[in-house]
Every structure is written in structure tokens, then in C-alpha cells.
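Descriptive structure summary
The residues making up each chain are set out below.
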Amino acid sequence: MAAELHVELVAADRNVWSGEATLVVARTTSGDIGVMPGHQPLLGVLESGPVTIRTSEGETVIAAVHGGFISFADNKLSLLAEIAELSDEIDVQRAERALERAKSDADASAERRADVRLRAVSTR
């Protein structure tokens, strides 16, 4: 079994993160899933939620991901997201304002996106 897997986190508009990792945790429609080197091939639908990547260097990368697909085969993991941003790119005050605005507008989708962004920041 290989000691690491190659990860590509791609959003519709850009390549968000790419590199070697020992573990990736993501939320799918079937629940949270952890993928390590040697995992069985999989194809799933991503739910909105934080994605945690443990890099080969021992660092942790966290991204807020909103929908998309996850695919794993031959120690290559692809996370193809509609929207994704790394936690260190998130403006906390802006996300908090967006959450409040979404709550007052009763916009469940916008509220979920803002909540995921804030959860991604709080876990870094």
C-alpha cells in the first residue's frame, strides 16, 4: 500500500489545491468519508461542508466546499467542486455578514454556504 495519495481540489473557476496527502475527509450524500492511500475506488456526490486534507508534510489544509463530486482510483483523489475556497482565503467578517443577511432573508442556500465557510475557518 502506498503511503500517500495525490489530491486535486478543483472548483469550477480554478485549481484550489493540489499535492500529496495521507488522509482526506469530505462530506458526501452518504455521510462523511475518509480516504487514505489504498482506499477502494469510489465515486460520490459532495455535500456542502469542510474538506480536511492531511498533507504528506504533516500540515492540515481545510477548504469550504459547496457541492460537486469526489472520485478516487489508483491513489488519485479528485474533488470537483462547484465552489471551493481554502480556509485561509475566507474573510471571517464578510462570511458572518453573509450569514446574518441570509438568515434575515430566509435564504437557506446562502445560509448553508456562509455556515460552511465559517466552519472551515473555525477548524483551521
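Everything below is about the structure printed above this text.
Residues numbered from 1 in each chain as written. Predicted model: local features only at pLDDT ≥ 70, side-chain atom pairs only at ≥ 80, totals over all residues. Heavy atoms only, no water.

Counting 24 residues, the largest nonpolar core has V7, L9, V24, I53, V65, L77 and L79 as the members making the most contacts within it. Put simply, the parts of the chain that give this core at least two residues each are β1 (5–11), β2 (14–28), β4 (42–46), β5 (49–55), β6 (60–73) and β7 (76–86). (Core = buried A, V, L, I, M, F, W, Y, C linked by side-chain atoms within 4.5 Å. Buried < 20%, exposed > 50% of the residue type's maximum accessible area, 1.4 Å probe, protein only. Helix = DSSP H or I, 4+ residues; strand = E, 2+ residues; numbered from the N terminus.)

Let us now look at the environment of L43. In this structure, L43 sits in strand β4. The exposed category is assigned to L43, whose relative accessible area is 70%. In sequence terms L43 and A73 are 30 residues apart; their C-alpha atoms lie 9.0 Å from each other.

Moving on, we come to helix α2 (residues 108–122). Helix length check: α2, at 15 residues, gives a terminal C-alpha distance of 21 Å against a target of 21 Å (1.5 Å per residue), a fit within 8%. Along α2, the residues classified as buried are A110, A114, V116, R117, L118, A120 and V121. Buried residues belonging to α2 abut β5, β6, β7 and α1 (92–105). Capping the start of α2, D107 holds a side-chain oxygen 3.3 Å from the backbone nitrogen of S109, two or three residues further along. (Expected span 1.5 Å × (residues − 1). Contact = heavy atoms within 4.5 Å. Polar contact = N/O pair within 3.5 Å; in protein donor to acceptor, adjacent residues only side chain to side chain.)

Relative orientation of the contacting elements α1 and α2 amounts to 150°, with a least axis distance of 8 Å. Looking at the two axes, α1 sits roughly antiparallel to α2. Where α1 crosses over α2, the handedness of that crossing is left-handed. Contacts from V92, R94, A95, E96, A98, L99, A102 and K103 of α1 reach α2 at A110, E111, A114, D115, R117, L118 and V121. Its residues assigned to classes, the contact of α1 with α2 comprises 9 nonpolar, no polar and 6 charged. (Axes fitted to C-alpha atoms, helices over the stretch in contact; angles between N-to-C directions. Parallel < 35°, antiparallel > 145°, perpendicular 65-115°, else oblique. Left-handed = near helix turned anticlockwise from the far one by under 90°. Nonpolar A, V, L, I, M, F, W, Y, C, P; charged D, E, K, R; others polar.)

Put simply, the largest pocket is a space of about 150 Å³. Around the largest pocket, the lining residues are E85, R94, A98, R101, A110, R113, A114 and R117. Elements supplying a minimum of two residues to the lining of the largest pocket: α1 and α2. In terms of residue count, α2 provides more of the lining of the largest pocket than any other element does, 4 residues in total. (1 Å grid on protein atoms, 1.4 Å probe; cavity = no way out; pocket = protein on both sides within 12 Å on 5 of 7 lines; lining within 4 Å. Points joined across faces, edges and corners; volume = space filled by probe spheres on them.)

Tracing the backbone through its elements, the reader meets R117 in helix α2. Assessed through its relative accessible area of 10%, R117 is described here as buried. Leave out the neighbours within four places in its chain, and R117 touches A64, H66, E85, I90, D91, R94 and A95.

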